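Survey of secondary and tertiary structure
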Amino acid sequence: QVQLVESGGGLVQAGGSLRLSCAASGRTFGTHAMGWFRQAPGQEREFVAAISWSLGSTYYADSVKGRFTISRDNAKNTVYLQMHSLKPGDTAVYYCAAASPFFPGSPGGSNWHLWGQGTQVAVSS
């Protein structure tokens, strides 16, 4: 069975940067789209970013556009989330996920059926 393992979380100051990694084991990503979600304390899980398997097209929540960048290395079977200009509001547990099928018109509404365990990101002011 495929497993997703996140890493790279930690505590950073506002305005700082952090890069999260998500490594898949058991198989390659194949035709799956990959994405990141986050859940802040007391809040619902929300979509952050996604990247398609075909052309590597990227999709972002409005709250992170211009600050976060999702990318992937197919050879390493790893997806990344590069975060810049971090704000206290970015504090959350970040989850890596895989989707198949993936609908570009509704990234968050796609079939996100495989999830990692999450990694904590805390941004201090």
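Rules used in this analysis
- Residues numbered from 1 in each chain as written.
- Predicted model: local features only at pLDDT ≥ 70, side-chain atom pairs only at ≥ 80, totals over all residues.
- Heavy atoms only, no water.
- Helix = DSSP H or I, 4+ residues; strand = E, 2+ residues; numbered from the N terminus.
- Rg over C-alpha atoms; globule rule 2.2 N^0.38 Å.
- Contact = heavy atoms within 4.5 Å.
- Lys, Arg positive; Asp, Glu negative; His and termini not counted.
- Charge placed at Lys NZ, Arg CZ, Asp CG, Glu CD.
- Buried < 20%, exposed > 50% of the residue type's maximum accessible area, 1.4 Å probe, protein only.
- Pairing = 2+ DSSP bridges.

Remarks on the overall build of the chain
Across its full length, the chain holds 0 helices and 11 strands. Moving toward the C terminus, one meets the helices and strands of the chain in the order β-β-β-β-β-β-β-β-β-β-β. For the chain, the C-alpha radius of gyration of 13 Å lies close to 14 Å, the compact-globule estimate for 125 residues. Counting only C-alpha atoms and orienting by the principal axes, one finds that the chain spans roughly 40 × 30 × 25 Å. Long-range contacts, defined as pairs at least 24 residues apart, comprise 56% of the intrachain contacts of the chain with a sequence gap of at least 6. The distance from the centre of the 9 positive side-chain charges to the centre of the 6 negative ones in the chain is 6 Å.

A few points about the pairing of strand β11 (residues 119-124)
Taking every second residue as pointing to the same face, the buried face of β11 carries Thr-119, Val-121 and Val-123, while none of Gln-120, Ala-122 and Ser-124 on the other face is buried. Inspection of the sheet shows strand β9 (residues 92-99) paired to β11 by 3 bridges, in the antiparallel sense. Following the sheet pairing, Val-93 is matched in β11 by Gln-120.

Section: the environment of Ser-106
Among the structural elements, Ser-106 can be located in the loop between β9 and β10 (112-115). On the basis of relative accessible area, Ser-106 is assigned to the partly exposed category, the value being 38%. Between the C-alpha atoms of Ser-106 and Tyr-59, which are 47 residues apart in sequence, the distance is 9.6 Å.

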